[in-house]
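# Residue-level structure breakdown
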Amino acid sequence: MASVSLVNICKSYNNGFQAVKNFNLKVEEGEFLILVGPSGCGKSTTLRMIAGLDEISDGELWIKDRLVNFLKPQERNLSMVFQNYALYPHMTVYQNMAFGLKVHGIDKDEIDKRVKHAAEILEISHLLDRRPNALSGGQKQRVAIGSVIVRQADLLLMDEPLSNLDAKLRSQMRVELAKLHQKLGATIIYVTHDQVEAMTLGTRIVVMKDGEIQQADKPAELYRNPVNQFVAGFIGSPTMNFIETIVYRVGNELQLKFGNQYIQVKGLLAKRLLNMDYEGRELTVGIRPEDFHLEGEEGTDIEMEIDVREMLGAEILIHGESEKTPISAKLPPESKVRAGERVKLYADIAELKLFDAETGVNIFYAQNGNGEA
Amino acid sequence: MENIIAKSPEHISREELIALQKLENQKAKIKRRSETGILIGANVVMAILILLPLLYAISIAFMPSSELFTTAMNLIPQHPTLENFHQALVKVPLVRFVINSFVVAACITFGQIISCSLAAFSFSFLEFKGKNILFMIVMATMMIPGEATIISNYLTVSGWKWLDSYQVLIVPYLTSAMGIFLFRQFYMSFPISLYESAKIDGCSNIRFIFRILLPLTKSAIGAMAVYTFINAWNMYMWPLLVTGSNELRTVQIGIGMLDSVDSQSITLMIAGVVMIILPSISIFIVGQKQLIRGMFSGAVKG
């Protein structure tokens, strides 16, 4: 196990493109850290820099209190699972798992012990004599993970290891990865663009965009208190609803108006907004689909026309528009709503997220949480 | 049957339907068989046309001279004989030439596989300044015909006192731009993550090449080996220029020696030719699958 520190890490290419900008992060021992973000956000580049496969343009990378910027990948004592498994097709599963150990000149008996133990953990003991082309996607993935486990490296890196699997197998492997992390207690840095994977696996998630960290926090905190509109929109499925509003004052209350409708805000929240001088200014209101209800307090409702109704068994998803703003809501399965209908949805005011329309920043981020970015 | 076809589905009986199905199946079978027959027939005709010179050469090799020089059209020997082969082996040291050619072709093939795969590895897996320009220069050498450099090469090797030796036949051909290109194309479709994974595992480049890359690119090696061996076996101009003694002559020049001004014998020469094309043909037959697979690898996403 090792801790990893990335200090002002940058990656720029000859054409001037900066893939990663001033990346600062400390990964604690035994942590399951997830790097998540849309395609091209620099998450894989960051992982490859940690692995030593890509050169670090600027900054310092420390693994286990050792500056490793100029060390070759094999000198960093880490192992990596690749998206396409990277199994050697001409070797059997056993040989694949033993290859890294052999290269390191480890004793044959020790190799045998480690390979068999890893195979037992991953339940692939019966596959040891097979070649990769005789394995299913899930089995290949287990072998790839097995090859990594046997190394007993300080740090495990995983680059979208589940993205080649079908949905069912992916959720199954997700559970197994979580179990494996509990069992091994290893430090894992895991790259994915799938926010469900990020939320379920990570002890901490780093959301990236355009080469920069947007927010690094525990999954629940990230969901509850996103630092900005990007993070709020990225985490959660279906994505958070964003309604662009203008703040009007009516007596002691505020109305967040959009088109002919408004959401009424009173009490402490209204006071805070007034204190922050938001009267007359634009605010983007973020409401998660599950924070809409069919009943609630007057003034917190919005009217929407349902375009599509999706019955998912445990819940109903409705999609539609309200004042030309797309809205999705998650309702209980017994709700009697139909496509084509107009319904009143009541927003849970306590769960509203308010973003500055210009900067996209969550204006109550610091007040709601610990404020650490 | 037309009556059945004209009937609507509600009025057709089960028996009639089965009969109709049988008839249609029969028709389709006849059509398919006739198409296959025509294709096979056309292929056989083309194959005979293409192979005719070779088959006729084999036939002549077994013919006594007296049969060849007649006005009758003797395509097949009336009195087959092995005398031509015997004479060819007695008149010139053909076995020695075959061994020479074999040694030279084998060394060149081995050398090219090693050097070209190493160069191609650098061009496809390593990152260094001027990589693309260097590769372009290597490719550009393919545009220079061998004849253009043959004199200067001759002067160079004669300056080194290498004439009439094995090394003069082998060393100048130990690498080829074509081979580098072929291997590089093959390596371009090789998953880079295998290389990266091996690197993280602590594998050196050399170990990666010999333990992972080469075993996984057998078809490229096969293609390269067949192509290079046949080319080296058929080399004529260079060995003619740089070798003088019988001990070092290659087979292609040896065959020329069978054609003497004093006693020209077509049957004798053809018998020699038939003997020396056997190794290259057998190598081609053995390696043709590899050759085709290797030549077209990387052409489409696989």
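Residues numbered from 1 in each chain as written. Chains lettered and ligands numbered in written order. Predicted model: local features only at pLDDT ≥ 70, side-chain atom pairs only at ≥ 80, totals over all residues. Heavy atoms only, no water.

### A look at the overall build of chain A
The cut-off we apply is this: Comment: elements are numbered from the N terminus, with helices defined as DSSP H or I runs of at least four residues and strands as E runs of at least two. Note on exposure labels: buried denotes an accessible area under 20% of the residue type's maximum, exposed denotes more than 50%, and partly exposed covers the range between, all computed with a 1.4 Å probe on protein chains only. Note on definitions: a residue-residue contact is assigned when non-hydrogen atoms from the two residues lie within 4.5 Å. For every accessible area listed, the method is Shrake-Rupley and the probe measures 1.4 Å; residues are considered covered only by the protein chains on display. Only four residue types enter the charge count, namely Lys and Arg as positive and Asp and Glu as negative; His and the chain termini do not. Just so you know, the charge point we use is NZ for Lys, CZ for Arg, CG for Asp and CD for Glu.
A tally of regular secondary structure across chain A gives 10 helices and 20 strands. Residues counted as buried form 52% of the 373 residues belonging to chain A. Across chain A, every contact between residues at least 6 apart in sequence was considered, and the portion connecting residues at least 24 apart equals 66%. Per element, the accessible surface of chain A, about 17300 Å² overall, is 46% carbon and sulfur. Taken as two groups, the 43 positive and 52 negative side-chain charges of chain A have centres that lie 6 Å from each other.

### What to know about the domain arrangement of chain B
Residue and element names in this part refer to chain B. Operational definition: Domain ranges listed in this record stem from an automatic or a database domain assignment. Accessible-area loss on putting two parts together, using a 1.4 Å probe and summing over both, is the definition of buried area adopted here. Salt bridges are counted wherever a side-chain nitrogen of Lys or Arg sits within 4 Å of a carboxyl oxygen of Asp or Glu. Distance and chemistry together define a polar contact, namely a pair of N or O atoms within 3.5 Å, with one atom able to donate a hydrogen and the other to accept it when in protein, and with adjacent residues in sequence counting only for side-chain atoms on both sides.
The domains assigned to chain B are domain 1 (2–61) and domain 2 (85–297). The interface of domain 1 with domain 2 comprises 5 residues on the first partner and 7 residues on the second. Where domain 1 abuts domain 2, roughly 470 Å² becomes buried across the two surfaces, and 88% of that area is made up of carbon and sulfur atoms. The largest per-residue losses of area from domain 1 upon contact with domain 2 belong to L54, I60 and A61, which jointly make up 78% of the total buried on that side. In this structure, the connection of domain 1 to domain 2 is made through 0 salt bridges. Seen at the junction of domain 1 and domain 2, the total is 0 residue pairs in polar contact (both at pLDDT 80 or more).

### What to know about the sheet that holds strand β14 (residues 282–287) of chain A
Residue and element names in this part refer to chain A. Quick note on the threshold: Strand pairing follows a simple DSSP-based rule, namely that at least 2 bridges must link the two strands. The axes are straight lines fitted to the C-alpha atoms, using for helices just the contacting stretch, and the angles between their N-to-C directions are given from 0 to 180°.
A sheet is described by the order of its strands in space; here 5 strands give the open sequence β13-β12-β11-β14-β20, paired in antiparallel fashion. The open sheet has two edge strands with one neighbour each: β13 (261–265) and β20 (353–356). Taken over all neighbouring pairs, the strand axes of this sheet differ in orientation by 40° on average, direction set aside. Sheet contacts for helix α9 (residues 267–275): β11 (241–250), β12 (253–258), β13, β14 and β20; angle to β12, the most-contacted strand, approximately 80°.

### Focus on the pairing of β12(A)
For a regular strand, side chains alternate in direction, first toward one face of the sheet and then toward the other. Residue and element names in this part refer to chain A. Bridge analysis of β11 against β12 gives 5 bridges, and the strand direction is antiparallel. Bridging from a neighbouring strand, I246 pairs with K257 of β12. Here β11 folds back onto β12, and the loop between the two strands holds 2 residues, one of which, G251, carries a positive phi near 65°. Sheet topology places β12 next to β13; 5 bridges connect them, and they run antiparallel. Among the inter-strand pairings, L254 is bridged to a residue of β13, identified as V265.

### Digging into empty space enclosed by the protein
Formally: Definitions used throughout: a 1 Å grid over protein atoms alone; a cavity as a set of points that fits a 1.4 Å probe which cannot get out; a pocket as an open set with protein on both sides within 12 Å along at least five of seven lines; a lining residue as one with an atom within 4 Å of a point. Grid points are joined across faces, edges and corners, and a volume is the space filled by probe spheres set on the points. Gly counts as polar in this scheme, as do all residues outside two lists: the nonpolar Ala, Val, Leu, Ile, Met, Phe, Trp, Tyr, Cys and Pro, and the charged Asp, Glu, Lys and Arg.
Per the stated rule, a full pass over the model turns up 1 cavity of 30 Å³ or more. Looking at the lining of the largest cavity, its residues break down into 11 nonpolar, 5 polar and 1 charged.

### Side note on unusual backbone geometry
P238(A) follows S237(A) through a cis peptide bond whose omega is -5°. Note on placement: P238(A) falls in the loop between α8 (229–234) and β11.

### Quick look at the pattern of salt bridges
Residue and element names in this part refer to chain A. Applying the stated criterion across every chain, the model contains 21 salt bridges over all chains. Across the pair K113 and E110 runs a salt bridge, and its minimum N-O distance is 4.0 Å. Here E110 and K113 lie together in helix α3 (residues 108–121), a separation of 3 residues that amounts to about one turn. Classification of K113 as exposed rests on a relative accessible area of 57%. Judged by its relative accessible area of 25%, E110 falls in the partly exposed class. E351 is paired through a salt bridge with K353; the nearest N and O atoms lie 3.7 Å apart. Given a relative accessible area of 6%, K353 falls into the buried group.

### A few points about the nonpolar core
This is how the line gets drawn: Note on terminology: a nonpolar core comprises buried Ala, Val, Leu, Ile, Met, Phe, Trp, Tyr and Cys residues joined through side-chain atoms within 4.5 Å.
One finds F23(A), L157(A), I189(A), F183(B), Y187(B) and F208(B) to be the most contacted residues of the largest nonpolar core, which totals 67 residues. With 7 residues, helix α5 (residues 94–125) of chain B is the single largest residue contributor to this core. Residues in contact with Y187(B), not counting those within four places in the same chain, are S117(B), A120(B), F121(B), S124(B), F125(B), L213(B), L214(B) and T217(B). Counting residues in hydrophobic clusters, the runner-up holds 46 residues, among them A144(A), L156(A), V227(A) and F234(A).

### Notes on the sheet that holds strand β3 (residues 32–36) of chain A
Residue and element names in this part refer to chain A. The strand order β6-β7-β8-β3-β9-β10 describes an open sheet built from 6 strands, whose pairing is mixed. Among the strands making up the open sheet, the edge pair consists of β6 (78–81) and β10 (212–217). Between one strand axis and the next, the sheet turns through 20° on average, direction left out of account. Where β3 lies against strand β9 (residues 204–209), 4 bridges are found, and the strand directions are parallel. Looking across to β9, one finds that I34 is bridged to I205. Lying over the sheet, helix α1 (residues 43–51) contacts β3, β6, β7 (155–159), β8 (187–192) and β9, oriented at roughly 145° with respect to β7.

### Looking at the interface of chain B and chain A
Each partner contributes to the interface: chain B provides 16 residues, whereas chain A provides 22 residues. Summed over both partners, the interface of chain B with chain A comes to about 1700 Å²; 63% of that surface belongs to carbon and sulfur atoms. The interface formed by chain B and chain A holds 2 salt bridges in total. Between D201(B) and R151(A) there is a salt bridge, with its nearest N and O atoms 3.4 Å apart. Scanning the region where chain B abuts chain A turns up 7 residue pairs in polar contact (both at pLDDT 80 or more). Elements supplying a minimum of two residues to the side of chain B that touches chain A: α10 (192–200) and α11 (205–216) of chain B. Here the element with the most residues in the side of chain B that touches chain A is α10(B); it accounts for 7 residues. Residues of the side of chain B that touches chain A, tallied by class, amount to 8 nonpolar, 3 polar and 5 charged.

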